[in-house]
Amino acid sequence: MNDADNPSPLQNPFIDVPQNAARRLVDRITKAAALGGVLLTISILAIIFIVLIHGSWMALRQIGWHFFTTQAWNPVPGRDKYGVLSFLYGTGVTTFLALLFGVPLSIGTAVFITRIAPRWLAGPVSFLVELLAAIPSIAYGLWGCFVMSPWLQNYLEPVIYDALRHIAIIPVGKYPSGRIEYFPANLVRGGPSGSDFLAGGLILTIMILPIITAITRDVLQQFPAEIEQGAYGLGATWWQTTRLALAYCRAGIFGAIMLGMARAIGETMAVIMVIGNTDHISASLFAGGQTMSGVLANEFMEADHPIYLSAMFYVALVLMLSSLVTNVIARGLLAKIQTERKAA
Amino acid sequence: MSAQQIATTENPFAGRSPGRRWISRGAMALCTFATAVALAVLFVVLAYIGIRGIEYMTPAFFTNLPLQSPEGMRNCIIGTVILVGLASVLGVPLGMLCGIYMAEYAGRGWFTYLTQLVMDLLAGTPTILLGVIAWQLVVVPMHQQSGWSGALALAFIMVPIVARASEEMLRLVPHPHREASAGLGASKSQTLFMVILPAAKAGIATGIMLAIARVAGETAPLLFTALGNDQAVYNPSEPYPSLTLKIWQYSQSAELAWRHQAWTAVLVLVAMVLVFTAAVRFAVRGRKVHVV
Amino acid sequence: MTPPVSAENVSRANGAQHGSHSAHAPRMIPVAPDQHVKRHAIDIKNLEVFYGKGRAVHGVNLQIAHGEVTAFIGPSGCGKSTILRCLNRMNDLIKHCQVRGSIKIHGADIYDRRTDVMELRKRTGMVFQKPNPFPKSIFDNVAYPLRIHGVRGKAVIAEKVEKSLRSAGLWEEVKDRLHVSALSLSGGQQQRLCIARAIAADPEVLLMDEPCSALDPIATKTVESLINELSKTITIVVVTHNMHQAVRVAHQTAFFYMGNLIEAGPTDKMFHNPEHQQTLAYVTGQFG
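Residues numbered from 1 in each chain as written. Chains lettered and ligands numbered in written order. Predicted model: local features only at pLDDT ≥ 70, side-chain atom pairs only at ≥ 80, totals over all residues.

**Student:** Break down the overall build of chain B for me, citing the residues and quoting the values.
**Tutor:** Along its length, chain B carries 11 helices and zero strands. Each helix and strand of chain B, placed in order from N terminus to C terminus, yields the pattern α-α-α-α-α-α-α-α-α-α-α. Taking 2.2 N^0.38 as the reference for a compact globule, 292 residues should give roughly 19 Å; the C-alpha atoms of chain B span a radius of gyration of 26 Å, well beyond that estimate. With the principal axes as the frame, chain B shows a C-alpha extent of 95 × 65 × 30 Å. Every one of the 292 residues in chain B was classed for burial, and the buried ones make up 51%. Counting contacts in chain B only where the partners sit at least 6 residues apart, residues at least 24 apart contribute 74% of the total. (Helix = DSSP H or I, 4+ residues; strand = E, 2+ residues; numbered from the N terminus. Rg over C-alpha atoms; globule rule 2.2 N^0.38 Å. Buried ≥ 20, exposed ≤ 12 C-beta atoms within 10 Å, placed from the backbone. Contact = placed C-beta atoms within 7 Å.)

**Student:** Can you lay out the overall build of chain A for me, pointing to particular residues and giving the numbers?
**Tutor:** Summing up its helical and strand segments, chain A has 11 helices and four strands in all. At 28 Å, chain A has a C-alpha radius of gyration far larger than the 20 Å of a compact globule built from 344 residues.

**Student:** Help me get a handle on the nonpolar core, residues and values and all.
**Tutor:** Within the largest apolar cluster, 268 residues are counted, with the highest numbers of intra-cluster contacts made by A:Ile203, A:Val315, A:Ala316, B:Met158 and B:Val266. Mapping this core onto the domain boundaries places at least three of its residues in each of domain 1 (3-55) and domain 2 (59-283) of chain B. Look past the residues within four positions of B:Val266 in its chain and what remains in contact with it is A:Ile138, A:Ala139, A:Leu142, B:Ile49, B:Gly53 and B:Ile247. (Core = buried A, V, L, I, M, F, W, Y, C linked by C-beta atoms within 7 Å. Domains from an automatic or database assignment.)

**Student:** Go over the sheet that holds strand β4 (residues 97-105) of chain C, please, and point to the residues and values.
**Tutor:** Residue and element names in this part refer to chain C. Pairing within the open sheet is antiparallel, and its four strands lie in the order β2-β1-β4-β5. Both outer strands of the open sheet, β2 (54-65) and β5 (108-109), are each paired with one neighbouring strand and no more. Pairing analysis gives two bridges linking β4 to β5, with the strands arranged antiparallel. Residue pairing in the sheet places Ile-105 in a bridge with Ala-108 of β5. Of the strands in this sheet, β1 (40-51), β2 and β4 are in contact with helix α2 (residues 80-87), which crosses β1 at around 120°. (Pairing = 2+ DSSP bridges. Axes fitted to C-alpha atoms, helices over the stretch in contact; angles between N-to-C directions.)

**Student:** If you had to explain the confidence of the model for chain A to someone new, which residues and values would you point to?
**Tutor:** Scored by pLDDT, chain A has a mean of 91; 95% of the residues are at 70 or more. Across residues 1-10 of chain A, where pLDDT falls below 50, the model places 20 contacts with residues more than four positions away in sequence or in other chains. (pLDDT = per-residue confidence, 0-100.)

**Student:** Lay out the packing of helix α8 (residues 175-183) of chain B against helix α9 (residues 188-216) of chain B with the relevant residues and their values.
**Tutor:** All names here are of chain B. Following both chains from N to C, one finds α8 and α9 inclined at 160°, their axes separated by 10 Å at the closest point. Between α8 and α9, the interaxial angle falls into the category roughly antiparallel. Crossing of α8 against α9: the hand is right-handed. Between α8 and α9, the contacting residues are His-177, Arg-178, Ser-181 and Ala-182 on the first element and Thr-191, Val-195, Ile-196 and Ala-199 on the second. A breakdown of the residues in the contact of α8 with α9 according to their chemical character gives four nonpolar, three polar and one charged. (Parallel < 35°, antiparallel > 145°, perpendicular 65-115°, else oblique. Left-handed = near helix turned anticlockwise from the far one by under 90°. Nonpolar A, V, L, I, M, F, W, Y, C, P; charged D, E, K, R; others polar.)

**Student:** Which residues make up the pairing of strand β3 (residues 168-174) of chain A, and what values do they have?
**Tutor:** All names here are of chain A. Counted residue by residue, β3 has zero buried out of seven residues, so it is predominantly exposed. Note: β3 against strand β4 (residues 180-184), five bridges, orientation antiparallel. Each bridged residue has a counterpart across the sheet, and for Pro-171 the counterpart in β4 is Tyr-182. The turn joining β3 and β4, which pair antiparallel and follow one another in sequence, is formed by five residues; a positive phi near 100° is taken by Gly-178.

**Student:** Report on the confidence of the model for chain B, specifying residues and quantitative values.
**Tutor:** Residue and element names in this part refer to chain B. Mean pLDDT over chain B works out to 90, with 91% of the residues at or above the 70 mark. Across chain B, the element-wise mean pLDDT spans from 50 in helix α1 (residues 3-10) up to 97 in helix α6 (residues 127-142). Across residues 1-8, where pLDDT falls below 50, the model places two contacts with residues more than four positions away in sequence or in other chains. Taken as a whole, residues 288-292 scores under 50 in pLDDT and shows 15 contacts with residues more than four places along the chain or in a different chain. Complex prediction metrics read pTM 0.88 and ipTM 0.91.

**Student:** Residues and numbers for the domain arrangement of chain B, please.
**Tutor:** Residues and elements named next belong to chain B. Segmentation of chain B into domains returns domain 1 (3-55) and domain 2 (59-283). Centre-to-centre separation of domain 1 and domain 2, based on C-alpha positions: 40 Å. Of the residues belonging to the side of domain 1 that touches domain 2, the class tally is two nonpolar, two polar and one charged.

**Student:** Could you give an account of the interface of chain A and chain B, with specific residues and numbers?
**Tutor:** Quite often, the size of an interface is put as the accessible area lost when its parts meet. Counting from both sides, the interface comprises 74 residues of chain A and, opposite them, 67 residues of chain B. Broken down by element, the residue count for the side of chain A that touches chain B peaks at 20 residues, all from helix α1 (residues 21-62) of chain A. Of the residues in the side of chain A that touches chain B, the class split is 53 nonpolar, 15 polar and six charged.

**Student:** Any details on unusual backbone geometry? Residues and values, ideally.
**Tutor:** Between A:Phe183 and the following residue, A:Pro184, the backbone shows a cis peptide bond with an omega angle of 0°. One can find A:Pro184 in strand β4. Note that the residue after B:Ser69, namely B:Pro70, is joined by a cis bond; omega there is -5°. Mapped onto the secondary structure, B:Pro70 falls in the loop between α3 (59-63) and α4 (74-105). The phi angle at A:Asn277 is positive, at roughly 55°, despite the residue not being glycine.

**Student:** Describe in detail the sheet that holds strand β6 (residues 124-127) of chain C, supporting the description with residues and values.
**Tutor:** Hydrogen bonding along the main chain pairs the strands of a sheet, whether they run parallel or antiparallel. Residue and element names in this part refer to chain C. Reading across the sheet, the six strands line up as β6-β7-β8-β3-β9-β10 and stay open at both edges, with mixed pairing between neighbours. Each edge of the open sheet carries a strand with a single partner, namely β6 and β10 (260-266). If you compare each strand with its neighbour and ignore which way they point, the axes differ by 15° on average. On top of the sheet, helix α7 (residues 187-199) reaches β6 and β7 (205-209); it is set at about 170° to β6, its chief contact.

**Student:** So, the packing of helix α3 (residues 119-134) of chain A against helix α11 (residues 256-283) of chain B: which residues are in play, and what are the values?
**Tutor:** Here α3(A) crosses α11(B) at 140°, and the two axes come no closer than 10 Å. In terms of their interaxial angle, α3(A) and α11(B) are classed as oblique. You can see that α3(A) and α11(B) cross each other, and the crossing is right-handed. Seen from α3(A), the contacting residues are A:Phe127, A:Leu131 and A:Ala134; seen from α11(B), they are B:Val273, B:Leu274, B:Thr277 and B:Arg281. Each residue belonging to the contact of α3(A) with α11(B) can be placed in one class, and the counts come to five nonpolar, one polar and one charged.

**Student:** Outline the environment of C:Phe287, supporting the account with residue identities and numerical values.
**Tutor:** Residue and element names in this part refer to chain C. Tracing the chain through its elements places Phe-287 in the segment after α11 (277-283). Here the alpha-carbon distance between Phe-287 and Gly-59, two residues 228 residues apart in the chain, equals 23 Å. Ignoring any residue separated from it by four or fewer positions in sequence, one finds Phe-287 in contact with Pro-75, Ala-281 and Tyr-282.

**Student:** Any chance you could break down the pairing of β2(C) for me, citing the residues and the numbers?
**Tutor:** The two faces of the sheet receive side chains in turn, since in a regular strand these alternate between them. Bridge count between β1(C) and β2(C): eight bridges; the pairing is antiparallel. Counted as the bridge partner of C:Phe50 is C:Arg55 from β2(C).

**Student:** Residues and numbers for the environment of C:Phe256, please.
**Tutor:** Residues and elements named next belong to chain C. By secondary structure assignment, the location of Phe-256 is in strand β9 (residues 252-257). Linking Phe-256 and Phe-72, residues 184 residues apart in sequence, is a C-alpha distance of 7.3 Å. Not counting the four nearest positions on each side in its chain, Phe-256 is found in contact with Phe-72, Gly-74, Cys-78, Gly-79, Lys-80, Leu-261 and Ile-262.

Below, the structure written as structure tokens:
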């Protein structure tokens, strides 16, 4: 029996193996590089905020909260007056319209893909709807500006205009001229223009549709087959079962809607090509307007004096925060789904 | 009373609740209709782009410059390709590092949570704001618009997309591969470079290509950065030609010939992006790749 | 570095009778921590394993004979796989897994803070429950451990790959398609490939975690005879669910129950004349 079986701990062959030193170093470098990448990326987000706050500092000091209560936007040097209200309104209305049209369409499409279409059809339909997301926004813009807007102006909007212009049911306020503003006639005041909130809302509808559809589809696929079988077993109709599925998946669907909303808030090119680009607040869907991203795209390069530029940065900051809040809510709702998915 | 009548009138399973069934059928029809609308929109948009684009397409479009006669957009096509290439050089490695960190190194603490949140928020940041940032970071110090600033803005967009795709694809590599490698005495980085990355490379490549397709169509972040250029200038330190910027510029013009060029340019752009995307989708069908 | 045990290996290979161990005093019994027993490859003392707050292994003391096949048996969740995975520190990969006590391989404490786990795992090959070849070619799978441990030179690697594949009894089946994906092999072939891969870097110990549980009976038989063959040159620890398998391949057997080592000893004795009632109950199939 030799003692080679039991070397003293000092000769432990597993300690300080010199030929593995290079590997240990590479390990450390790899991890440090990955961590460095993450830190750099986190710093990008930090830099975004630093740049926006730094840039808007002057406007924050001089305009402050009045920015949110002022409608006027007058960048003429000396007469400077800056308010984000009309742009906030433009972003809000177009986003609202996009959700109004887009949510039912998207959820309907997602339900079709997951619960109606036979397998051979569901795949291609899914694929085609996702192609909608791949088309660049400038392409939607061009199509919207040269095809959709004229069509709205000449065909759809006259019909709506004729239907609603004389229907005055609820008084909602007064116009500057002193005439009383009635709903729903106020929605079509001014007559068909084609470059208006409605056009902006419609083009955004198309752009958020694939996002909401894709995520809702993924979420609906999580609906447990046992519950579905159980519902059918109790004599529920297809629609009753589907409502059960929609209710079961509601957090995820709201997350999908919020993501669509975030997209609508941040979208730039397609909207500015159809919305008319006027700083205008009007209840009329046929009135032109402007969004926050739109005013940035149109005027950022023209901001030739400090307070004007600072006000542009202020708009950018407000846009960033709106998008941030929407995204955080969306991710919060979807994170819950994802953890459930991982746990399953 | 015949047997036939008994079957229809006294069958206990026959239509007790016709209302319920009609509502169900109606809902089904509405969902189908919604899908039809979505697909019709896709069809109409693509049809217009295809028809108008081909109608106004000339050989000169691909060979000439904007100010030549006949006009073309050769420099813009090349410019977009180079710009996207530069953005990829900046954005892809960074995105992959983030994906690798999240899939392989991240624990379950607050830092991981923060990282994921930052990726999500970066992915959700309006792209025009990334243009503003790149303008501040590059254009202001350099005193002029440049390809570099445009590439930086596009790279910002690519990072979270590539990171997410890499993370998901790395997570898809089965755990037994990692165990087997570790069990043989491989270091963590050897396992990563020799087993996990090779196994995930197709998926990661897919994610990268989708990110490329995505930024190739971006316009807003280039407005203040790349700016556009009518000359065949490909030095990234100068204002840079870009297909999307040219489409934007021409679409705003009253000149009919320019509008026609815009249609052709959109067709070329959409064809590039869609063929790319569709090819990628087709290559990885069945596997899950998130674009949104 | 030459393993300090090569003399032992040679004597085994020269025909030391495996069945003869029953003549010796039992070498593999639970021992008090301070008791010194020679001729063992692995010495486990007071081993405790925690998953989070739950304790999976309760103070196990066990010595594993050198150059023999030792089987770990016991019902599911008894901790046998956990202990096996302590032997090459695979449990390090599991978060919240904490190991206490000491494990020495040929006298070297592997839970020393300075331990290089890469070196440890190089010297202790592992075969898993499910065949887990990499999505690479057959050749690259077997060459992988050589490459990661810095073996250079095409000829050297090719030679080692062939040797390992021959040892795993797979060479004749795959020699014409070495560059085909390993995933194209059958389950049994994949597992033998994993064994070839595990022994390619000449480990001193081979750990096998239920290596046949995913295989059909014929493939199982092939792998078992392979274990017998390999045990001539290498210390093997095999976790198994299948008591017949323990009888067929193992010289020594250790029985675990609820995270405790109940009994360990020569396989014959364990199955025919165990000391503990629980062991008897288990080996006669009364629970498990």
